[in-house]
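# Structure at a glance
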Amino acid sequence: MSMSDSPEPAADVIEADRLQAELDETRPPHAGPVSQIAAALTALAVGVAGAIGSYALGLGRLTQPGPGLWPFVISVVIVVLSAVLVVTGRKLEDTERFSKASLLTAVGLVTLVLLAVLLPLIGFEIPSLLLVFVWLRWLGRESWRSSIVISIATVAAFYVLFVLLLQIPLPRLI
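This write-up is about the structure you can find in this document.

What counts, and where the lines are drawn
- Residues numbered from 1 in each chain as written.
- Predicted model: local features only at pLDDT ≥ 70, side-chain atom pairs only at ≥ 80, totals over all residues.
- Heavy atoms only, no water.
- Helix = DSSP H or I, 4+ residues; strand = E, 2+ residues; numbered from the N terminus.
- Expected span 1.5 Å × (residues − 1).
- Buried < 20%, exposed > 50% of the residue type's maximum accessible area, 1.4 Å probe, protein only.
- Arc of directions from axis to C-beta.
- Contact = heavy atoms within 4.5 Å.
- Patch = residues over 30% accessible without salt bridge, like charges linked within 9 Å, V, L, I, M, F, W, Y side chains within 5 Å.
- Areas by Shrake-Rupley, 256 points an atom, 1.4 Å probe, with all protein chains shown as cover.
- Salt bridge = Lys/Arg side-chain N within 4 Å of Asp/Glu carboxyl O.
- Axes fitted to C-alpha atoms, helices over the stretch in contact; angles between N-to-C directions.
- Parallel < 35°, antiparallel > 145°, perpendicular 65-115°, else oblique.
- Left-handed = near helix turned anticlockwise from the far one by under 90°.
- Nonpolar A, V, L, I, M, F, W, Y, C, P; charged D, E, K, R; others polar.

This paragraph deals with helix α3 (residues 69-88). If you check α3, its first and last C-alpha atoms are 29 Å apart, about what 20 residues at 1.5 Å a residue would give, namely 28 Å. Regarding α3, the residues found buried are Leu-69, Ser-75 and Ser-82. All buried residues of α3 project into a common sector of 145° when viewed along the axis, lining one side. Turned more than 90 degrees away from the buried face of α3, the exposed residues are Trp-70, Ile-74, Leu-81 and Val-87. The secondary structure elements touched by the buried residues of α3 are α2 (33-57).

So, about a nonpolar patch on the surface. Taken together, the side chains of Leu-109, Val-113, Val-117, Leu-121, Ile-122, Ile-126, Leu-130 and Leu-173 make up a nonpolar region of the molecular surface, amounting to roughly 740 Å² of accessible area. No other element matches helix α4 (residues 100-122), which puts 5 residues into the nonpolar patch. Mapped onto the secondary structure, Ile-122 falls in helix α4.

Moving on, we get to the packing of α2 against α3. The contact between α2 and α3 brings their axes to 8 Å, and the two run at 160°. Put simply, α2 runs roughly antiparallel to α3. With respect to the hand of their crossing, α2 and α3 are arranged in left-handed fashion. Facing Gln-36, Ile-37, Ala-40, Leu-41, Ala-43, Leu-44, Gly-47, Val-48, Gly-50, Ala-51, Ser-54 and Tyr-55 of α2, the residues of α3 in contact are Pro-71, Phe-72, Ser-75, Ile-78, Val-79, Ser-82, Ala-83, Leu-85 and Val-86.

Below, the discussion takes up the packing of α4 against helix α5 (residues 125-139). For the pair α4 and α5, the least separation of the axes is 8 Å and the interaxial angle reads 170°. Classified by the interaxial angle, the pair formed by α4 and α5 is roughly antiparallel. Our pair here, α4 against α5, has a crossing hand that is right-handed. On α5, the residues touching Leu-104, Val-107, Gly-108, Thr-111, Leu-112, Leu-115, Leu-118, Leu-119 and Ile-122 of α4 are Glu-125, Ile-126, Pro-127, Ser-128, Leu-131, Val-134, Trp-135, Trp-138 and Leu-139. Tallied by class, residues from the contact of α4 with α5 come to 14 nonpolar, 3 polar and 1 charged.

Here it is, written out as structure tokens:
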């Protein structure tokens, strides 16, 4: 029996088809072309806002880049890619209707905004600890014990790396 006569590739194809069917079953339904365009326009607005904000920081020159140069470049890439999605988005089917999973994404976004608000007020330690804990415990469904241990270890590692070793002036309590 030659290798091409082996029944194993057929088993792999059957397993791949089964996994694809299972994925299709659990995937929320497609949200439609309007949602696709709305998502592209939202990304476009974020890219434009980022470009304006980074331009205000100063671009400098290529030989002496200013603080806004790389954020500006990334923002321009976001704008270009979003514009392409606005044009081609009606044909795509990768947006999903809002579901329970959408709420988890919203929780993640809200916790990032809270981190940004609390960081200059009380330092990075407590907001970062809470962010990692919430993400592990409620978004990642980790156990209480591992959520607590990993959160403390993560913030301690960031403290050592950024504050002690790299001496980056982060707002902090300690």
